[in-house]
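In case you want the letters, here they are:
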Amino acid sequence: MKKRNGSLPDPSSRVSRRSFLGGLSAGAASFLFIPSSVFGEEGKPSANNRLNVAGVGIGGMGQNNVNAVAGTENIVALCDVDSGYAGPVFKKYPKAKVFVDYRKMLDDMGKDIDAVMIGTPDHTHAVIAMECMKRGKHVYVQKPLTRTVDEARLLTEAARTYKVATQMGIQGHSTEEVRLTCEWIWSGVIGNVTEVHIWTNRPVWPQGIGRPAETPEIPSSLNWDLWIGPAPMRPYHPIYHPFKWRGWRDFGTGALGDIGCHSFDRVFWALKLKYPTSVQGSYANPPLDWQRQDIVETFPTGSRIVYEFPAREDMPPVKITWYDGGLMPDVPPEMEEGRKLSPDGGMIFVGEKGKLLNGTQLLPYSLMKDIKRPEKTLPRITTSHEMNWVNACKTGEKACADFDFSGPLTEMVLMGNLSLYYPGQKIRWDGQAMQAINLPEANQYVKHLYREGWSL
Amino acid sequence: MDKQKKAGQGLSRRDFLGSAAGMALFTIIPSHVLGADGQTPPSRKLNVAGVGVGGMGGGNIAEIAKTENIVALCDVDFSYAAGTFKNHPQARQFKDYRKMLDEMGKDIDAVVIATPDHTHAVVAMECMRRGKHVYVQKPLTKTVYEARMMTEAARKYNVITQMGNQGHSGEGIRLICEWIWDGAIGEVREVHAWTNRPVWPQGLARPTETPAVPESLDWDLWIGPAPMRPYHPAYHPWNWRAWVDFGTGALGDMACHILDPVFWALKLKYATSVQGTYAANVIKKWEKEGVDESYPLGSIIHLEYPARGDMPPVKIHWYDGGLLPERPEELEPGRKMGDGDGGVLFVGDKGKLMCGCYGKGPQLIPYSKMKDYKRPEKTLPRVETSHEMNWVEACKSGKQASTPFDYAGPFTEMVLMGNLSLFKPGEKILWDGDNMKVTNFPELNKYVNPAYREGWSL
């Protein structure tokens, strides 16, 4: 837990850094942070090189993100549709103004907010992040970036248009391991990679279920209409909020959305991936009255999905197989007796000259002794993932998992969910055009369709 | 429905047969010995009993009743079995198969067994010991050990045996064998097989409620050799398939049909390794249901076989619960993978062959290959009757039925090896088939031959 800086200035009692910045010319300069010498004393942190940060959706993972920047930045506003769920966080930051509706927060305090951390359920990432970016705020958005492929594309484009610092909450992307994986793969230690297997124990929340029929009363702390946001309205039920929205198609993105963004991250980077050319999947679900429940309501209990990617630069085509819900790939014959693949999750890169477990362990492990480790050529990140973004907001440099990277990564992850609507079919994908070539009916799942009153 | 003489009347054909030995044992008494000319004499008819007749057994019995005498029906639940009882009013009714055999043994030639999986072995073994021919629903047994014992017993007691994998009497499976043996797709090193099962609840915890046992049901007998537990409708009727103590899951239900052409065409016997993983229900946040109580919602299982004769080693990949293998590039757009129950994809070094469940509708893919294929001669004998009647005829002629235990026993072992892998997900289990032993995880051997409840033995 990061210690909170005890001398947070009252944001309203000083010149808004944001309004100052707003007057600067556009382009690269808009990212430049005002050096502390302008506003503060030399040699000690001043109010002015602090970002004024707001958090939207802070009851769950969002609070960790806010905590990670609160030590050095000003937490000026906190917004959550459930004051009960977010209560402890509100209490922790008594100086932050509290909001239920992010739009009101932006309207009321927009000028005092430099950057927003968004940790809402998946289905509201896009509308909130888009609104923030439109107003020139830097954004840190929890993974997956969005719920649909087209939202990810639109956010990626918006980040460029509005020239804000962006980061997706894949904190692993700031770690040493991800860089090692890239360097190992690029050094050719296992040769050209033709196959990757990735697995996770997720979902560890209920999936493969039908919509509940009961309509319990909405807790008084919760604004259900705002929680639903751009999704189709349905009655409140505790099976959605908190946390378990992940399983529901209208709100979440299942096991892939939760963990896929983390585990595909290093694969996407190391193998220089962009759009898959095909995807196919199948899944296990609990049956009901002799019928297997399809994914009308929730994502399945377990799935296996195969992505195909074309050749990239000097890399040959590659096939990536995803397993979730407890399903796992075959144990590689190179694994030593007594060692096992972690049931929690992992990945195996299969190259023409060898195999790499989790991106950093050659199989068999004995090979590690003799291997000449490649040079560490990628710059390392010495801060937290959140602070990497804070620094980007201040310096104008790109954050490590900005939307240029995490937008296409999210699209790829979400393509897996698309495949589950057509088990037994191979969906051929035109990534540029965002179109399923051979199954035009699949395109209905690519685009966001918002409830009246909501738009991107 | 035939009008039959009441069991126990007249000269027992069984007594008469019992005095002949060896080969002759299987020879049916010619009709002129016991019957009048021009009529179907009772002596040409088998006296058949059914044990477990409320479900699939009722269908087997109905088929056999077209030509044979149904002399006894046994079911632990008279209410579930009522329909079958009603259809065969001449048959004596029993709850306990042991009592049935004791009281009517001499009047019974052959027994159809379609109880839940966990009682197949004890019932069939007792019948064989008494010299009865047996037709046993698939899977032959609940455990690998039981399958091995049944296979040996069928030889020892020299009775006619058949497992109820009726696709084995079909045309499709024969075509597949003939085509693969003809080299239509070259050497086969990889096979994918799948089913939509389970379509009943699996991935469950044991129910905690203890409703009253229905009056019509003898729960102690239903439990039979399994560990005693309170009655619950989650087990009987039908849903016992899901439960590790009673059933064999999706594999036991459908792999005995779907893998049948694989086992036959590829001349398989014992796997050398098996590994599997599965998807299960989440009990509560961060915790999933294991297979302590019931089989999972979906699984992917891999079996490895060594070279056999002139055939190279082969890997068999099994998918259930809706999981599927990758769609082969050779399958034209719009064509379905297998059929509604599942299917098989044989991958040879010269081509691919796909079929549905029961070996139905085999096709080389793409279809252009099928059109150009010069089909080999049909060398395997065809079964012109139903699977049940194939067994009836075998009982009468002394020839082997189409899936005698010599085939169905090792085949069932293969299927059950898949379930064994689920107790150690993500690990490759090495199997010594001859000695029925897991060599690298000895703790798994308890699943090969779990102990029977006291008072029960094979």
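Residues numbered from 1 in each chain as written. Chains lettered and ligands numbered in written order. Predicted model: local features only at pLDDT ≥ 70, side-chain atom pairs only at ≥ 80, totals over all residues.

Caption draft 1: View of the interface of chain B and chain A. Between chain B and chain A, the residue contacts involve 32 residues of the former and 31 residues of the latter. Residue assignment for the side of chain B that touches chain A shows that the elements contributing at least two residues are strand 8 (273-279) and strand 11 (298-305) of chain B. When residues in the side of chain B that touches chain A are grouped by element, the largest group, four residues, is from strand 8 of chain B. Residues that form the side of chain B that touches chain A fall into these classes: 16 nonpolar, ten polar and six charged. (Contact = placed C-beta atoms within 7 Å. Helix = DSSP H or I, 4+ residues; strand = E, 2+ residues; numbered from the N terminus. Nonpolar A, V, L, I, M, F, W, Y, C, P; charged D, E, K, R; others polar.)

Caption draft 2: Highlighting the pairing of strand 16 (residues 427-430) of chain A. Residue and element names in this part refer to chain A. Judged by which residues are buried, strand 16 turns out to be one-sided: Ile427 and Trp429 face inward and are buried, whereas Arg428 and Asp430, on the alternate face, are not. Of the pairings in the sheet, the one linking strand 8 (residues 278-284) to strand 16 comprises two bridges and is antiparallel in character. Bridge pairing links serine 278 to arginine 428 in strand 16. Note that strand 16 and strand 17 (residues 435-436) share two bridges and pair antiparallel. Bridge assignment links aspartate 430 to a residue of strand 17, and that residue is glutamine 435. (Buried ≥ 20, exposed ≤ 12 C-beta atoms within 10 Å, placed from the backbone. Pairing = 2+ DSSP bridges.)

Caption draft 3: Geometry of the domain arrangement of chain B. Residues and elements named next belong to chain B. Annotation of chain B at the domain level lists domain 1 (2-167) and domain 2 (168-382 + 409-448). If you look at the interface, domain 1 gives 29 residues, while domain 2 gives 36 residues. Counting residues per element, the ones that place at least two in the side of domain 1 that touches domain 2 are helix 6 (117-129) and helix 7 (144-157). In terms of residue count, the dominant contributor to the side of domain 1 that touches domain 2 is helix 7 (six residues). Tallied by class, the residues present in the side of domain 1 that touches domain 2 amount to eleven nonpolar, eleven polar and seven charged. (Domains from an automatic or database assignment.)

Caption draft 4: Molecular detail of helix 3 (residues 56-65) of chain B. All names here are of chain B. Listed in full, the buried residues belonging to helix 3 are Gly57, Gly58, Asn60, Ile61, Ile64 and Ala65. In a view along the axis of helix 3, the buried residues occupy a sector of 160 degrees, so they form one face of it. Here the buried face of helix 3 lies against strand 1 (47-51), strand 2 (69-74), helix 4 (82-87), strand 4 (110-113), strand 5 (133-136) and helix 13 (387-397). (Arc of directions from axis to C-beta.)

Caption draft 5: Local environment of the domain arrangement of chain A. Residues and elements named next belong to chain A. Under the domain assignment used here, chain A contains domain 1 (26-172 + 384-400) and domain 2 (176-379 + 412-445). Distance from the C-alpha centre of domain 1 to the C-alpha centre of domain 2: 27 Å. For the side of domain 1 that touches domain 2, the element with the most residues is helix 7 (residues 149-162), which contributes four residues. Each residue belonging to the side of domain 1 that touches domain 2 can be placed in one class, and the counts come to nine nonpolar, eight polar and seven charged.

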